[in-house]
Structures are given as structure tokens and as C-alpha cells.
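# Architecture at a glance
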Amino acid sequence: MEIIQLYTLLLIGVLSIGGFAYNRNVARASVRALRQSGPAETRWHSHPNYHGYLTGWSVALVGFGLFIIFNLVFPNQVALQTVSILLGTSLAGLLVFKKIAPAFPARIYTERFIKTTLLALSGLAILTTFGIVFSLIFESLRFFADVPLFDFLTGLKWSPQTAVRSDQIGSSGAFGAVPVLLGTFIIMAIAIGVAGPVGLMIAIYLSEYASRRMRAIVKPIIEILAGIPTVVFGFFALLTVGPAIRNLTDALGIAVPTQSALSAGVVMGVMIIPLISSLSDDVINAVPRSLRDGAYALGATKSETMKQVIFPSALPGIMAAFLLAISRAIGETMIVVMAAGRAANLTGNPFESVTTVTVQIVALLTGGPEFDSTKTLAAFALGLVLFAITLILNIIALRTVRKYREVSLA
Amino acid sequence: MNVSQHMSDKARKHLKSRYAKERRFRFYGLSAVLFAIASLGWLLLSLFATGLTAFQEHYVTLEAEMTVSAFAPPDQRSVETLRIADYKSIVENAIEAKFPDVRTAGEKDLLFALISESGATDHLRKRVVRNPDIIGSKIVMTVPTSDQVDQLLKGHIDRNVPEARRQISDQQILWLDDLRARGAIKKKFNSILFFNPDSRDPELAGIASAAVGSVMIVIIAFILALPIGVGAAIYLDEFAPRNRLRDWVEININNLAAVPSIIFGLLGLAVFINIFGFQRSIPLVGGMVLALRAFPTIVIATRAALRSVSPAMVDGALSLGASHVQAVFQQKVPQAMPGILTGSIVSMALVLGETAPLLMIGMVAFVTEIPTTVTDPATALPVQIFLWSESPERAWSERTAAAILILLAILMTMNALAIWLRSRLGKRR
């Protein structure tokens, strides 16, 4: 991508706006001319603006079309590209110019253009998903040609350190994903152990007990947690929470490294609190008022109403909130990269340093070796596992949450 | 006497325990709220405590004799020869001039280590290239102290620990106190942190290159994601036929918003870099990857905004003879604009804080030059934070926390802007 291409894009934009302005003015002038000299009642199908819009859209479409064709099929033919864009766009402008007449339904064509463009834009959403799925599957298949799928999913040893030179002996690393998946699970479990109860109780407290004023103050404060970049949480875990946990456990006589599953998990839990609390809040508020009133009328206290009436009927939504939180915890990267360590220990001990799927993807890809090595491809296989797990969790959760609100995970 | 069953001892006891349970439950709720607020407070407090001191740095003022012999002869002076002149000896002479009784080479090295070597030589080089006439004269220069000295003067290195366990010797501390007593050391606002690119020396490292990279990435992501997101949302809400395909696209977009961001990095690596052949580490690819990351959230925000517009507006336009497209674009979209803008700003804040996908496309390079175009190697603010956080020295963690504070300040500003826009544009309806 050269800087000249940016100028080309700019040129297409200018041509499009120029075409719009020129043909609109032509149409305006002919409206005026007909009004003065022509038959008394000439009705134009479309407002002059639409003749302009139609020109602008067609010029832009032809221009971008040629631009894309040239970049994909004949790269580096800048002169030819510029000439053909100039020719093509002026041809498009001229075609619309010739058509300017009272009977020409410019608006209909313009609207068709607009709708098609919007359709293409929403098609990009599907294209992105396809892009993800195919790139992950394609690279993973190449990985599984080297390392059998079964060995990958059941192997107990993860040490992807392959040799630098291909002629070295013992150049194949071990690619057993179990320790990595186990580490991911431990950290996720700690995070949900923190965020689940806390987030749920916050939602309950704010919707049932807090005064309107307290709610107005506390809710935005908790939302701040959701807006903090994960790299900041990672630094917090590394610099503050890790050493704090180490000091605490030193006093208790347990040796814990600064980088442990516990510090990463706890900090991740804090990060996920707002996700659970805001989703649960919506779910709890969606429970019909009559259920609540009925329980109060029978003499139940607020906590009894909550535990025995509202919670059961909100349970599917709360489960969905938890599933989304789990999906977020599994896919979270920066906190674990900075605070959980990289050693693939096959352990269930939260005080040890463990590794996760995302940590390994980063470790495998930031070394920067040639692209085709098994090491790099392994990152895509891990990515595929990650995508598959989160996809399943998301779809189950989104189906449920959709009943309560139009879900926004931003 | 007939005591009501509700007044019996058993009932009273039962009621009491129920109320106790109620109070306990309420207490748990309050504790959860306090836990969240306390965590946020602890986070911010630790950042301020670590990072606030990085906004000031210690500078030492020296008088430098610009000896002619350090430079090329006058007839050979050009920018190139001026750049490679012997600035190190000038700086050494300048600091030794302050302490004439220092004789041995070892002591001279220790003395020289008090100031930032690259900081001082770069300073002189810049001044000489700008104005070669100062050669041969005596100039006053104010240069950063070395990071160890800076940390000591800020009180982060304990003078009372045994000499062997600190990186700064007793002799150096004596010299420093002497310099300070003579008024040669001053604490100033650390402009280096804001205006310098990255560096190997903490006292010379700044966020400028990363900030410029971040600005480029956010602008590219905004230009790409806004039209895609808003267009897709309008199509799905207004023009798409209600069928299974539409439902499928909808689930798809909602799922994309929840896909781990690192997956988008893998997509960018496989598609943009390996298939389309873009370079690694450039803001253009970063912007494109994060545009894909951001557009689902823009779609969701836009659809919520569109749905909040009263249908009466559209019905009114339709009944006055507007076409469907006209009603949508002339009535509905302008009404939804505050919501759309708020959603896009919030999603750009998301883009600004995103790190993991950028690691995947190689934006972790050590960048010592401020990028000028979108195809120059660059890094981004959160990635810079990540890179700095890997160095355990106090001088680095201080700067990491300071960079985080700057990033958080920008994010706060963006969110405040979003809230302000929403209230301001909302009023004009």
C-alpha cells in the first residue's frame, strides 16, 4: 500500500462529489428552463438532488470497483489505474448526465443503490465470521498434518520449543494441549468465583435495596471497571496484587510465586464484575412486578422474595450472564499474559504459575519466526479451540439473554 | 387466654431469625458493592502512587566547553560530520569541571554515570546541528540525570541500605548532594515522557511514538467501522426481509461482539498479512483489524438508537409521501444520531485500549521514531504499556504507571465527550 493509493482514494472521493454537484446543477438548471419555456405543467419524477446522488454513487462505485480490481489483479500499475479510473468515472457521470429528464426515475435508482450498499455492508459481518472460521481451520489443518488431532487434545506435555534450524535433532516440540486447557480452566474458575457472587450480589443490592440516589452513584462507578483496558488490569495484577498475595502467603508460610493463577484470576474476576452485574440487573428487573408483589403480600422479606421467587424465575438469564462471563474469562489475554506466567504446569494448584490458551497464542506468535513452522501453526490450532468454546458459550447465552434485552457486550 | 399463633415464642423466634437472615443478605449485597468500589480504588491508588512521580524528572545543569578539537575541521563541517562529533568527551569534561579533584578513571566513570549519557549527547548534537556557531564557545546545558539518580532523588532508592545492595555508590551520593547544594540539580516537569519516542533508557523514554500510532489506528478504525457498522445496522433494522437469514446475521453480529479480541488478531495475521501481503507492525493493519473488532458494537449501539426513535416520526414522513428510504434517512437516522455517536465514541475507546490483537500483527516492535504515515512501523499506547511493564526496574514501572494514567485520562475524556454529546444533541430534538 503506497501513499499514492491513498491519493487515488481521495481522487475518487473528489470525483464523486464533483459529479454529484455538476449533475445536480444541470438538473436544477433544466428544471428552471422547463418551468420558464416548456409546457406549463412539467412534472419531474425525481428532485434534482437525486440526479446528483445517482451520479455520485455511480462514480464512487465505478471508481472503487476499478481501484479494487487493479489492486488485486494488476498491482503497481499506478498510471494505468489512474487513467482507467478517470475514464470509467467520467463515463459513469456522462451516462447519468445523458439521462437527466423529467421522466427519469433517478430517486428509484438511487434508493436501489443505497439498499444494495447497505446490504453489502451487513454482508461484511458474515464475511468477518467466515474469515475467522476459514483462516483458523485452514491453518489448523496444516498443524494437524504435523501433530495428530488426538495427540493435541489429549497430550499431557506442552513444550512448543522447536529447534531454530530444521536439521537439528529433536526439532519437534510437544504439543499436548491438556496443561494449557487446564490452566485456562483454573484461572477462569477463580475469576468466576470472584465475579459471580460479587456481581450477582451487586445486581441484587442495587435493584432491591439501594436508594435511587445510591444507584445513580454506584452504577457508573462500577461501569468504570468495564471501561478500563485489560492491559491496565494486567499491570495491576503484576505490580500490586501479585506481590500482595505473595506477602500474604509468605506470612502464612506458603511459597507462592509473584506470577500465580490466583492473582491473575482474582484481577480478572474484578474485571468481569460489571459484565455480570449489569446483565443480572437487567434480568432481575425483567421479572414481572406481580411476582414480587405477590411474595411481599404473603409476608416474605426482601431476601426471601429474592431467593425463592425472583431468583428462580431469573435463573436462565443469570446463567446466561455467567456463560458470557466465562466466555470473556477464557478469551481474556493481557491479564494472563502479564500476570499468570508461561510455564505449562499440569497442576490444579491455584498458587502455582499456570499458562492459558491465550498466553500460549501470544508466546507462540510474538517470537516472530517464519510463518510456516509448526509453532506458529499451533497458535492457530489453539485459536480454533478458543473460538469454538467461546462460540458455543456465546450462542447459548445470547439466545437466552435476547429474551431479556437486546444484548450489548460492549 | 387465646394467644395468636403468630405471637407464640416459637413464631417470634422464627421471625427474629428471618429478619437476621434478611440483614445478613443485605450486608452481603453492600459488601459486594464495597468490594467492587474498593478494588477500583485500590487499582487507581496503586497507579497514582507508582506513576505520579514520573511526571517530574531531575535535570542537572552543566557548563559545557564546546572544544573545537571534538569536531571536524571547519572546512569539513556538514550535518553528517557534526552528528558524529565526540560529544561524549565534551559531556565528560563538563561534569568533571564540577569536581576538579576527581582524578582516577574509575571515579570519572562513576561521576559520568550520574547523568544520562545519551540524553546529554543527544542534547548537544541537536543544538550543534541547529546552530554550529556555538562550537568553540561555552554553553549552559540542562540534561536529564540517569534513571538511578532520578530514582534516588525521588526517594525510591533507600540511602540507608548497604552500598553493595544498591546500584548507586556512596561516593556518587556525596557528589549528588554536593551538586544539589550548589543548585545544579533541579526537578522539572517531565516533558520527555510526552514528546520523546521509546528508548532503551528509561529517563529518555516517552510515549510520543506510541501515541501517534494509537491516533492513526483509532482514526483508521473509525473511518472503516463507522460506515460499516451504521450501514449494517440500518439495513438489518429497516430494509432486511424478516427471515432466517436476517436472524442468522443478527446472531452472527452479536457473537462477533463477544468473540475474544485475540481471535481478531489471528484473523488479521492470516488474512491481511499472509494473504493480502501487508507489512507487519503498521498502523494501517492495526486499524483494519480493530475496525473489525469495533463494528459489531457499533451495530448494536446503532440498532438500539434506531429503535428508540418514535415510530410516529417515520409514519408521519411516510404519510406525507416520503419514500421508505427518505423516511429512514431524513427522519429516523438524524433522530438516532446522538445514540449512534455515543456508541461509536464508546467503541473507539474500546479500540484505543485494545492490546492483544495488535500483538498478533507484530505491533510490539521497539519503535524509536515517531511514525509519519500509516505504513510506518509503529506501536500503540496499550502495547507500549505492555512493553514497559516487562522491565522490572522502578524507573520503568513508574513510567508504565504514568503512561497508564495518561491512557486512562484520554479514555475518560472520550467517555465524558460521549455523555456530553448525548445530552447536548438530545436536547435539540
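All of these numbers come straight from a predicted model, not from anything done at the bench. (Residues numbered from 1 in each chain as written. Chains lettered and ligands numbered in written order. Predicted model: local features only at pLDDT ≥ 70, side-chain atom pairs only at ≥ 80, totals over all residues. Heavy atoms only, no water.)

### Section: the overall build of chain B
We apply this condition: Note on conventions: DSSP H or I runs of at least 4 residues are helices, E runs of at least 2 residues are strands, and numbering of each starts at the N terminus. Atoms counted for the radius of gyration: C-alpha only. Globule rule: 2.2 Å times residue count to the power 0.38. Each residue's exposure class comes from its accessible area (1.4 Å probe, protein chains only) as a fraction of the maximum for that residue type: buried when under 20%, exposed when over 50%, partly exposed otherwise. Contacts between residues were defined by any pair of non-hydrogen atoms, one from each residue, lying within 4.5 Å.
The helix and strand inventory of chain B stands at 17 helices and three strands. For 429 residues, the compact-globule formula gives about 22 Å, and the C-alpha radius of gyration of chain B, at 31 Å, lies well above that figure. The dimensions of chain B, computed from C-alpha atoms along their principal axes, are 100 × 80 × 45 Å. A buried classification covers 53% of the 429 residues belonging to chain B. Partitioning the contacts of chain B with sequence separation of at least 6, the portion at a separation of at least 24 is 76%.

### Notes on the confidence of the model for chain A
Selection criterion: The score called pLDDT rates the predictor's confidence residue by residue, from a low of 0 to a high of 100.
Counting all residues, the mean pLDDT for chain A is 86, and 92% of those residues have values of 70 or more. Here residues 406-410 of chain A is a poorly scored stretch, pLDDT under 50, and it has 16 contacts once near neighbours within four places are set aside; other chains count.

### Looking at the interface of chain A and chain B
Here is the rule: The term buried area denotes the loss of accessible surface (1.4 Å probe radius) that occurs when two parts are joined, taken as the sum for both partners. For this document, the term salt bridge refers to a Lys or Arg side-chain nitrogen within 4 Å of an Asp or Glu carboxyl oxygen. Pairs of N or O atoms are called polar contacts if they sit within 3.5 Å, as long as, within protein, a hydrogen donor faces a hydrogen acceptor (for residues adjacent in sequence, only side-chain-to-side-chain pairs).
Contacts between the two partners involve 88 residues from chain A, matched on the other side by 84 residues from chain B. Counting the surface lost from both chain A and chain B, the interface buries some 7,300 Å², and carbon and sulfur atoms represent 79% of this. Of all residues in chain A, the largest losses of buried area upon contact with chain B belong to A:Leu118, A:Tyr205 and A:Phe235, amounting jointly to 8% of the total for that side. Linking chain A to chain B there are one salt bridge. Its salt-bridge partner being B:Arg18, residue A:Glu304 comes within 2.7 Å of it at the nearest N-O pair. At the surface where chain A touches chain B, the tally comes to twelve residue pairs in polar contact (both at pLDDT 80 or more).

### A look at unusual backbone geometry
Residue B:Ser281 is not a glycine yet carries a positive backbone phi of 65°. Mapped onto the elements, B:Ser281 comes out in the loop between α11 (261-275) and α12 (283-307).

### Considering the packing of helix α13 (residues 357-365) of chain A against α11(B)
Worth spelling out the cut-off: For helices, the fitted line uses only the C-alpha atoms of the stretch in contact; every axis is such a line through C-alpha atoms, and the angle between N-to-C directions lies from 0 to 180 degrees. Roughly parallel covers angles under 35 degrees, roughly antiparallel covers those over 145, roughly perpendicular covers 65 to 115, and oblique covers all other angles. Whether a crossing is left-handed or right-handed is set by the direction in which the near helix is turned from the far one by less than a right angle, anticlockwise for left-handed and clockwise for right-handed. Classification convention: Asp, Glu, Lys, Arg as charged; Ala, Val, Leu, Ile, Met, Phe, Trp, Tyr, Cys, Pro as nonpolar; all other residues, Gly among them, as polar.
Interaxial distance between α13(A) and α11(B) falls to 11 Å at its minimum, and their mutual angle equals 30°. What the angle tells us is that α13(A) and α11(B) run roughly parallel. In this structure, α13(A) crosses over α11(B), and the sense of that crossing is left-handed. Across the interface between the two elements, A:Thr358, A:Ile361, A:Val362 and A:Leu365 from α13(A) touch B:Ile262, B:Leu266 and B:Leu269 from α11(B). Counted by class, the contact of α13(A) with α11(B) contains six nonpolar, one polar and no charged residues.

### Focus on the sheet that holds strand β1 (residues 56-65) of chain B
All names here are of chain B. The condition that has to hold: Strand pairing is defined by DSSP finding a minimum of two bridges between the two strands.
The sheet built from three strands is open, its strands ordered β2-β1-β3 with antiparallel pairing. Edge positions in the sheet fall to β2 (138-144) and β3 (185-189), since each of these pairs with one other strand and no more. With strand direction ignored, the average angle separating the axes of adjacent strands in the sheet is 35°. For β1 and β3, the ladder comprises five bridges, and the chain directions are antiparallel. Across the sheet, Tyr59 pairs through a bridge with Lys186, a residue of β3.

### Let's talk about the side chain of B:Ser39
Its location among the elements puts B:Ser39 in helix α1 (residues 9-51). Exposure remark for B:Ser39: the relative accessible area of 9% places this residue in the buried category. The residues touching B:Ser39, leaving out its near neighbours within four places in the chain, are A:Phe236 and A:Val270.

### Observations concerning the packing of aromatic side chains
For any pair of aromatic rings, geometry is given as the distance between the ring centres together with the angle between the planes. Which entries qualify depends on this criterion: Here a pair means two rings of Phe, Tyr or Trp (six-membered ring of Trp) with centres within 6.5 Å. Their orientation is stacked below 30 degrees between planes, edge-to-face above 60, and tilted elsewhere. Sitting over a ring, as applied to charges here, requires NZ of Lys or CZ of Arg to be within 6 Å of the ring centre and within 35 degrees of the ring normal.
In the structure shown here, the tally under the stated rule is 22 aromatic pairs over all chains. Consider the rings of A:Phe144 and A:Phe152, whose centres lie 5.5 Å apart with planes at 65°: the pair is edge-to-face. For A:Phe152, a relative accessible area of 1% translates into the label buried. One aromatic cluster is present, built from ring pairs that chain together A:Phe143, A:Phe144, A:Phe152, A:Trp158 and A:Phe175. For the cation-ring pair, B:Arg182 lies above B:Phe99, with the distance from its terminal atom to the ring centre recorded as 5.0 Å. Just above the ring of B:Tyr59 sits the side chain of B:Lys188; from NZ or CZ to the centre is 4.6 Å.

### Some remarks on the nonpolar core
Basically, it comes down to this: Grouping buried Ala, Val, Leu, Ile, Met, Phe, Trp, Tyr and Cys residues that are joined through side-chain atoms within 4.5 Å yields what is termed a nonpolar core.
Core analysis: the biggest nonpolar cluster contains 190 residues, and A:Ile272 and A:Ile361 have the highest contact counts within it. A per-element tally of this core places helix α6 (residues 178-209) of chain A first, with 17 residues. In contact with A:Ile361, other than residues within four places in its own chain, are A:Ala379, A:Leu382, A:Gly383, A:Leu386, B:Ile262, B:Leu266 and B:Met360. In this structure, B:Leu124, B:Ile135, B:Val149 and B:Leu153 belong to the second largest nonpolar core, which totals 38 residues.

### Describing the domain arrangement of chain B
Residue and element names in this part refer to chain B. Applicable threshold: Where each domain starts and ends follows an automatic or database-derived domain assignment.
Parsing chain B into structural domains produces domain 1 (55-189) and domain 2 (208-427). One C-alpha centre belongs to domain 1, the other to domain 2, and the line joining them spans 46 Å. Contacts between the two partners involve seven residues from domain 1, matched on the other side by seven residues from domain 2. Of the roughly 550 Å² buried where domain 1 meets domain 2, counting both sides, 54% is carbon and sulfur surface. At the junction of domain 1 and domain 2, the tally comes to two salt bridges. Note that Arg399 and Glu57 form a salt bridge whose closest N and O atoms lie 2.9 Å from each other.

### Some details on the pattern of salt bridges
Residue and element names in this part refer to chain B. Scanning the model with the defined rule gives 24 salt bridges over all chains in all. The residue Arg125 makes a salt bridge to Asp122 at a minimum N-O spacing of 2.9 Å. One end of the pair is Arg125 and the other is Asp122, both in helix α5 (residues 117-130) and three residues apart, which spans about a single turn. The partly exposed category is assigned to Arg125, whose relative accessible area is 24%. The class of Asp122 is partly exposed, set by a relative accessible area of 34%. The closest approach of N and O atoms between Arg246 and Glu250, which form a salt bridge, is 3.8 Å.

### Brief notes about the packing of helix α11 (residues 302-331) of chain A against helix α14 (residues 374-401) of chain A
Residues and elements named next belong to chain A. Axis separation between α11 and α14 bottoms out at 8 Å; the angle between their running directions is 155°. Comparing the axis directions of α11 and α14 gives the class roughly antiparallel. The handedness of the crossing between α11 and α14 comes out as left-handed. Along the contact surface, α11 presents Pro316, Gly317, Ala320, Leu323, Leu324, Ile326, Ser327, Ile330 and Gly331, while α14 presents Leu386, Ile389, Thr390, Leu393, Asn394, Ile396, Ala397, Thr400 and Val401.

### Brief notes about the domain arrangement of chain A
Along its sequence, chain A is carved into domain 1 (3-119) and domain 2 (174-401). Between the C-alpha centres of domain 1 of chain A and domain 2 of chain A the distance comes to 52 Å.

### Brief notes about α11(B)
Residue and element names in this part refer to chain B. Keep this limit in mind: For a helix, the expected span equals 1.5 Å multiplied by the number of residues minus one. The seven residues ending at a residue and the seven starting there each receive a fitted axis; the angle between those axes is the bend at that residue.
Here α11 is 15 residues long and its end C-alpha atoms lie 20 Å apart, about the 21 Å a rise of 1.5 Å per residue gives. Along α11, the largest kink reaches about 30° and is centred on Gly268. Note on α11: the residue one or two positions beyond its end, Gly277, has a positive phi of about 75°.

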